[in-house]
Structure formats: C-alpha cells, structure tokens
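Residue strings, one per chain:
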Amino acid sequence: MPERTESESRKLLRRLRDTLATTGGGQDRLDRITHLIADSIGTEVCSIYLFRDAETLELCATEGLKPEAVHKTKMKLGEGLVGRVARTNAAVNTADAPSEKGFRYMPETGEEIYSSFLGVPIQRVGEKLGVLVVQSKTARQYSDDEVYALEVVAMVLAEMTELGAFTSDEDGMRALHRQPVLLRGGTGQEGAAEGHVWLHEPRVVVTNPVADDPLTEIDRIREAVGQLRVSVDDLLSAESLDKDQKQVLEAYRMFANSRGWLRRMEEDIQSGLSAEAAVEKEQSAARARMDQVPDAYLRERLNDLDDLSNRLLRILTGQGQDTGAEMPENPVLVARNIGPAELLDYGRKLRGVVLEEGSVGSHAAIVARALAIPLVINATRITSEALNGDHIMVDGDQGIVHLRPEDAVASAFRDKIAMQAEAQTRYASLRDLPATATCGTTIALHMNAGLMADLPSLVGSGAEGVGLFRTELQFLIRNKMPRRAELATLYARVMDAAKGKRVAFRTLDIGSDKVLPYMKPNDEPNPAMGWRAIRVGLDKPGVLRMQVQALLRAANGRPLTVMFPFITELGEFQQARSHVLREIHREKSLGHIMPESVEIGAMMETPSLAFAPKAFFELTDFVSIGGNDLKQFFFAADRENERVRRRYDTLNLSFLSFLEQIIKRCAEFDTPLSFCGEDAGRPIEALALAALGLRSLSMRPASVGPVKALLRRVNLQEARAVIEGARDRGEESARPALMEWLSRQQG
Ligand code: PEP
Ligand code: MG
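Residues numbered from 1 in each chain as written. Chains lettered and ligands numbered in written order. Predicted model: local features only at pLDDT ≥ 70, side-chain atom pairs only at ≥ 80, totals over all residues. Heavy atoms only, no water.

**A short note on the packing of helix 2 (residues 26-41) against helix 4 (residues 144-162)**
When two helices pack together, you describe them by how their axes are tilted relative to each other and by the distance separating the axes.
Link 1 in the chain: Between helix 2 and helix 4, whose axes approach to 12 Å, the crossing angle comes to 165°. Classed by the angle they form, the pair helix 2 and helix 4 counts as roughly antiparallel. As for how helix 2 packs across helix 4, the hand of that crossing is right-handed. Taking contact as the criterion, the partners of Ile33, Ile37 and Ile41 in helix 2 are, on helix 4, Leu150, Val153, Leu157 and Met160.
Link 2 in the chain: Grouping the constituent residues of the contact of helix 2 with helix 4 by class yields seven nonpolar, no polar and no charged. (Axes fitted to C-alpha atoms, helices over the stretch in contact; angles between N-to-C directions. Helix = DSSP H or I, 4+ residues; strand = E, 2+ residues; numbered from the N terminus. Parallel < 35°, antiparallel > 145°, perpendicular 65-115°, else oblique. Left-handed = near helix turned anticlockwise from the far one by under 90°. Contact = heavy atoms within 4.5 Å. Nonpolar A, V, L, I, M, F, W, Y, C, P; charged D, E, K, R; others polar.)

**Section: the site of ligand 1**
Link 1 in the chain: For ligand 1, the set of nearby residues contains 14 residues, the closest of which are Arg470, Arg506, Glu605, Asn628 and Arg639.
Link 2 in the chain: Between ligand 1 and the protein, one listed contact pairs an oxygen atom with a side-chain N or O atom of Arg470 at 2.8 Å.
Link 3 in the chain: Between an oxygen atom of ligand 1 and a main-chain N or O atom of Asn628, the distance comes to 2.7 Å.
Link 4 in the chain: Broken down by secondary-structure element, the contributors of at least two residues to the shell around ligand 1 are strand 17 (466-470) and helix 22 (627-634).
Link 5 in the chain: Considering every element that reaches the shell around ligand 1, the biggest residue donor is helix 22, with three residues.
Link 6 in the chain: Across the shell around ligand 1, the residue classes tally to three nonpolar, four polar and seven charged. (Near = heavy atom within 4 Å. Polar contact = N/O pair within 3.5 Å; in protein donor to acceptor, adjacent residues only side chain to side chain.)

**Things to note about the coordination of the magnesium ion (ligand 2)**
Link 1 in the chain: Every protein donor of the magnesium ion (ligand 2) is accounted for by Glu605 (OE) and Asp629 (OD), and the metal-donor separations fall at 2.0 Å. Taken together, the residues span a long stretch of sequence, with Glu605 in the loop between strand 20 (598-604) and helix 20 (607-610) and Asp629 in helix 22 at a distance of 24 residues.
Link 2 in the chain: The class for Asp629 is buried, based on a relative accessible area of 2%. (Donors = N, O, S within 2.8 Å, 3.2 Å for Na, K, Ca; no water. Buried < 20%, exposed > 50% of the residue type's maximum accessible area, 1.4 Å probe, protein only.)

**Concerning the sheet that holds strand 6 (residues 127-136)**
Link 1 in the chain: The antiparallel open sheet is built from six strands, whose spatial order is 3-2-1-6-5-4. A strand with exactly one partner marks an edge of an open sheet, and here the two such strands are strand 3 (74-76) and strand 4 (92-94). For this sheet the average axis-to-axis angle between neighbouring strands, irrespective of direction, equals 25°.
Link 2 in the chain: Direction of pairing for strand 2 (residues 56-63) relative to strand 3: antiparallel, over a ladder of three bridges. Within strand 3, the residue paired with Glu58 across the bridge is Lys74.
Link 3 in the chain: Those strands touched by helix 3 (residues 80-88) are strand 1 (45-53), strand 2, strand 3, strand 4, strand 5 (116-124) and strand 6, and its axis lies near 140° from that of strand 6.
Link 4 in the chain: The strands touched by helix 4 are strand 1, strand 4, strand 5 and strand 6; relative to strand 5, the strand with the most contacts, the crossing angle is about 40°. (Pairing = 2+ DSSP bridges.)

**Comments concerning the pattern of salt bridges**
Link 1 in the chain: One pass over the full model with this rule turns up 50 salt bridges.
Link 2 in the chain: The salt bridge partner of Arg84 is Glu100, with a shortest N-O separation of 3.2 Å. Taken together, the residues Arg84 in helix 3 and Glu100 in the loop between strand 4 and strand 5 connect sequence positions 16 residues apart.
Link 3 in the chain: Residue Arg84 is classed as partly exposed on the basis of its relative accessible area, which comes to 24%.
Link 4 in the chain: A salt bridge links Arg545 to Glu583; the shortest N-O distance between them is 3.7 Å. Residue Arg545 is found in helix 18 (residues 541-555), and its partner Glu583 is found in helix 19 (residues 570-589); the two are separated by 38 residues along the sequence. (Salt bridge = Lys/Arg side-chain N within 4 Å of Asp/Glu carboxyl O.)

**Quick notes on the domain arrangement of the protein**
Link 1 in the chain: Split into domains, the protein comes out as domain 1 (6-162), domain 2 (181-202 + 323-406), domain 3 (214-317) and domain 4 (440-746).
Link 2 in the chain: Look at where the C-alpha atoms of domain 2 and domain 4 centre, and you get two points 28 Å apart.
Link 3 in the chain: Facing 16 residues of domain 2, the contacting portion of domain 4 comprises 14 residues.
Link 4 in the chain: Summed over both sides, the interface between domain 2 and domain 4 buries roughly 1,300 Å², with carbon and sulfur atoms accounting for 56% of that surface. (Domains from an automatic or database assignment. Buried area = accessible area lost by both parts, 1.4 Å probe.)

**Section: the sheet that holds strand 9 (residues 192-199)**
Strand-to-strand pairing in sheets goes through backbone hydrogen bonds, with the strands running parallel or antiparallel.
Link 1 in the chain: Pairing in this open sheet of eight strands is mixed, and the strands run 7-14-13-9-10-11-12-8 from one edge to the other. Strands at the two margins of the open sheet, each flanked by one partner only, are strand 7 (181-184) and strand 8 (186-189). Neighbour-to-neighbour, the strand axes of this sheet turn through a mean angle of 30°, independent of strand direction.
Link 2 in the chain: Summarising the sheet, strand 13 (residues 391-395) and strand 14 (residues 400-403) pair through four bridges and their orientation is antiparallel. If you follow Asp395 over to strand 14, its bridge partner there is Ile400.
Link 3 in the chain: Strands in contact with helix 11 (residues 363-370) are strand 8, strand 11 (352-355) and strand 12 (375-377); relative to strand 8, the strand with the most contacts, it is inclined by about 55°.
Link 4 in the chain: Lying over the sheet, helix 13 (residues 407-428) contacts strand 9, strand 13 and strand 14, oriented at roughly 50° with respect to strand 13.

**Topic: the nonpolar core**
Link 1 in the chain: By size, the foremost hydrophobic cluster in this structure holds 120 residues, and its most contacted members are Phe564, Leu659, Ile662, Leu697 and Leu738.
Link 2 in the chain: Both domains that meet at this core, namely domain 2 (181-202 + 323-406) and domain 4 (440-746), each give it at least three residues.
Link 3 in the chain: Apart from residues no more than four positions distant in its own chain, Leu697 is found in contact with Ile443, Ala444, Leu445, His446, Phe675, Ala680, Ala686 and Leu689.
Link 4 in the chain: With 37 residues, the next largest nonpolar core counts Leu16, Cys60, Leu157 and Ala165 among its residues. (Core = buried A, V, L, I, M, F, W, Y, C linked by side-chain atoms within 4.5 Å.)

This is the structure in structure tokens:
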C-alpha cells in the first residue's frame, strides 16, 4: 500500500475513533461517520446499511442520498447490489451500477445520478452485520487501494457495531444480542429445555480496533505470533502423538509459520488497525473463503487458520478459555461443534445443547442422546448471536431454539415443558406394569444404552433389560485405544448396574459415521456401505478378540449376551461366532471363571440377511433388527442426509411387509427376534411393529413410558387388521389408517 494512502487511512481511522468517543446517540454517530468517510475518501455518497434481522438490511445513515430514505429503505439479503455484498461477503466494485446484474432501483434514495458503486461487507469473523457503501457520479472503478481502505474502515465499523456504538434505546435501535431470535436447526435429541447460555468457547471482545502507533502494534503481533509458534511446537513435541496426529499438526504449524499471514496482518496494522483488529480482519477473510471452498481438505486447512486466529486473539487480549465467568444456573451449552469427550465432561449438569454444526450421527449427538439431553444441531449463527447467560429455550423435538424469547413465547414454551413433565409422571405410574395390550399379548420393552451414565435409567424407565449396549462410545470418547482391563472393569460395572437383567453387548460398530480419533480415517467414497462394523472386526480381529475377552472376564460367572453389528451373510456370522468360541476356550484354559451361559446373536441391518440360508437362523441365538440401518438400505436413503432421511415412512407398507417376512422366518426356526432401531421408541411405529408380531422392542429409556402407555390401550389384532386393510386397499403407508383407527379408539 503506498505511504500516502497508508497515512490517510490511519488519519481516517483516528477520526472515526474520536467520533465514537464523543457522547451522543447511535444515530448521531452513524451520521457523523458517513459524513467523515465521504469527506476523507472524496466520494459524494457514503451509506451504512445494517441488519435489522437475519434477512433484512436497512439504510441506517447516509451522506449524499436523500435523508428521508434513512430507516425507510430496506432490502433482503441477496437483493440488489447491497444485498449481494452481504450475501457473498465480498466487495462489489462497479463503474456503472445501474447496468450491473441484480441492481435494484430505489427511487426514494435518489441514487440514480450516481454511477459508480463500491460496497464492502461489515462483518466480524463470519458474522454479517451490514454493508458500507460509497458512490460517486463519475463513472469509475475504484482502485484496489481504495477497496482495501474501505475494508479496513468496515472492519472498525464491525467492531463498533459489536460493541453497541450505534444503538441506543432512544433511537429505537436495539443493540445486537438483545433482540429475541428464533433459530431453526435440526433435531439431534428430542426433549425441551429452558436455561441460560453457556458458551463452550466465549467470544473474544476487542475494545480497541484503532491504534495510534503501528510500530508498537507490529511488535505486539510479532511477539504474539512468536508465542503461538512456540505453543504449536510444544504440541508437536508431545510424545504421545502418533504419525497421523503429527501430520495434522505439521500442517497446522505450517500455517502458524506462514509469512504471508503475518505480512497481511502487518499491512492491516500499517493502515491503522490494532493488532487484534488485524487478526480479526484476516480471520473474517478466511471465513468468507471457507464458505466458498467446496474442497473438504482446503476447508479443513482454512479451519486451522481460524483456530490459530482464535488462539492469537486470546494471546493478544489475555482473554483465555476461562474468562472467570460463572456457569449460569440450568446451563445450555452453545458451541460451533464439540467433541464427545468434552461433552461428557459437562455431563448431566447441562439442560440442553445447541450446536452450530454437527449431524445426527455425530459423536456429540450420540453422547447427547445417551445423556438424554435435548440437542439442536445446525443452528446457524447461534455462536455469534448468543452471549453467556442469555435466556434460551431449546426445542429438541422441532429443532428450534428461542434465544432471549419474548414473554409470550417463553410462557407457551413453559406450557409445553409442563405437559411433558406431566406425561412423564403419568408414565412413571406405569413403570412396574407390563406392556400388555388389551388382547392379552405382552411386549417386552428393553432400553438402548451406551454409557455407564445410562444405566441408572434402567430402574426408572421400567425397561426389562438392555436390548442394545453400543460399545463404541467407550472407544470414541478417548484419544487412545482402551485396554482390555479397563473395558472389563467397565463392562462389569454395567452388568452390576443392570442387577441381573439381560444386557445385549454389541461388539464395536465403527466405520461409517463413527470414526475413532486414533484410527486412520479411511477415505471411502461411501462409508455407510463401506468397511465398517463386523467387516472391520473380521479383517482386524485383534480388537474384536480383546473386546470378547473383556466381556467374558466382566461376566465372571454371570450370563453373557453378545451380538455382532451389520452381519450381511451367514459366513460372517459363523466367523464372528467362532472368534467368541475360541476366546471362551482360551479364557477357560487360562483358568478364568466362565459365564453361566453365553448367547451369541446377530443384528439384522442389511436386507440380505433376511434371505440368509436357514443355517443362519438355526445357528444364531437371536436376531435383533437394527432398524436405522435396515431402513436406510431398504429405501436406499442415507440416514445422515437431511434431504432424504425422512423421505420414506417407516410405516410404508413395502417396508412393513419386509419386516413381516423377517418375523416369519425367525418364527419358522424359533429364533428369538427383537427390534432395536430408533423406530421402536416411537409409539405409533412401536404399535405397528407389535401388531406385525414383534414381541421385544428396545428403545431409548425416555421412550419406554410413552410406548408402554399406548400399547396398553390397544388391541394388537385389530391394529394388524387395520394395517392389512391399508395394504389391501393399495395404500402406500399404514400411517393414515392407523392414526384414524387410533383417533376412533380415543373417541
Ligand atoms: C440400527 O442401525 O438400527 C442400530 C440400532 O445401530 P446404530 O444406530 O448404532 O447404527
Ligand atoms: Mg446400525
């Protein structure tokens, strides 16, 4: 940047800061700032548009356009050139605005006489705050230096907006982070919760975007980058790192050492920004690029840069992870994303969790489910909107978050929570009663679990045992492979907690969405159909054997139930089973006490197993239908993909007919059968499964009450007739008929 522009830019930033330091309302400041910018840059027009809600930009101040347009002219994100700047987070620079694609004529502004247009986003680390625009009559393209200078000014405006400099209640402009916000995300775990925000990573507050002395700031940034490099080197020299972790950290170090990064920040400082604001300016630019990069690897690298920038800001401001803030009452955790181990550390003290990213199958979601904490995922903007302590309501059923809700919303939401609590009390009264339908058939209800923490629910839920214990969670929440003795202790505690009730331990189901942090991820084109679950277990039997040994030792004379995930053909089951038999033999020869009995079963999660030879049904001690996977393969609809995962109804009659065939085949060989996918915990689905002939269902503990309550009210033979009627009439799904029948029952 040439020296002349540099010092002018510094002068402008200083004048901006001085304007801010004066007393006066937000509007007054905005007016003076637009005047100041137009004056120093030498353009006829300078306007500031700010977001009034997530979708709407409003002209909040202008020098040059008609004053009566202020607070009148509004546009949607993406609308017109201003909306385009905001949507793309990138500058628009044109000599002939009216002929530019997307130009929208706003007659009330009188802008038609201005030909050239330069707009830059006002954004703070990915958070869109508004757009800063200059316009002039002469048709000319603004130079790179001018674009850069305006971006620097926009950076300072962003910091000021964030600090509330342009909002004051007397102007009727409510500050950011004070308005009620409704965010729509996805369901990670059902349930409703009310509490206060607890940010996993509190935001760094920058109070000094403008600095007088570039040399001091350059010293500060160099020193901070130096410290950052040392800390990354320290990470790298840790002995426990394996090759892959080292590789990732090497890439991270490369960024920390990047000269380009430091040089760009030094240039920002030269133009008048403080060291902190310079870091944020580059971080914002990287975030904007990140949104545009389709390549996962490159996005990951930009993520590294984002992470490094956060560390650098913490070094510069001295604001650590631990800000000294106290965790509020009824904390609701808010984070971009969180690892399973970190989430477990917070444990049950959390009322709810809201993630900006995440997916239904993410490890955090698995843990939240195990802890029965309502979780909303993909809540875009939550980390930039929420502040520690904010009032928040989480609706895990609908995937909705109310942040700082209005009183009316809060009270409606509380009614919902109260109704759920009331229902829970009703269910508690059924706890010791069997799930016997009015026709006299009893369905055994079991619960799914995956953590020690789940086990206390076994007594409270009224479940007869654990129909599915997902053992992968112990593997996922550590950073190294657990040892046999650790696992044996844990499994023994699980059996102790079950107090003699049956626990079906499923051997490790990794691969697909469940990737162990210490195992090299396989770059598979389609991991759900890839090298996962028992396929990994059979190809690398060391872990499978170790797990079986741990289970045998944990049982220590008690009955043991083991099942294998994702069995696709008879041969796989035979092989897996023979590993168990071999371990029994080996443990016996080592003098260990053997379990009183060992049941070895298979999960039916791929359609092929339904057509396995009869030898399979004779050999296996039981079959458990993994409905989540079975359904995704039956309908060829990825259970992780929001676009398709709810597309096909579980009560689709083709699927129900398929389940019926499985039930028939098992009955033919007296092979005990149960169902342990999520659908078992949905009352209407559970009713359909029972009506088809399933006599054992396993579900999350909170579902046992609602499922039992419904089953006890209905006649399963009649329900079956309703399903058959729908099939005879050629209907696609049995749901409408079942719902109609149920509503008549109530009436
Ligand atoms: C299933 O697929 O239905 C199942 C119970 O296993 P998971 O959800 O762990 O894949
Ligand atoms: Mg499965």
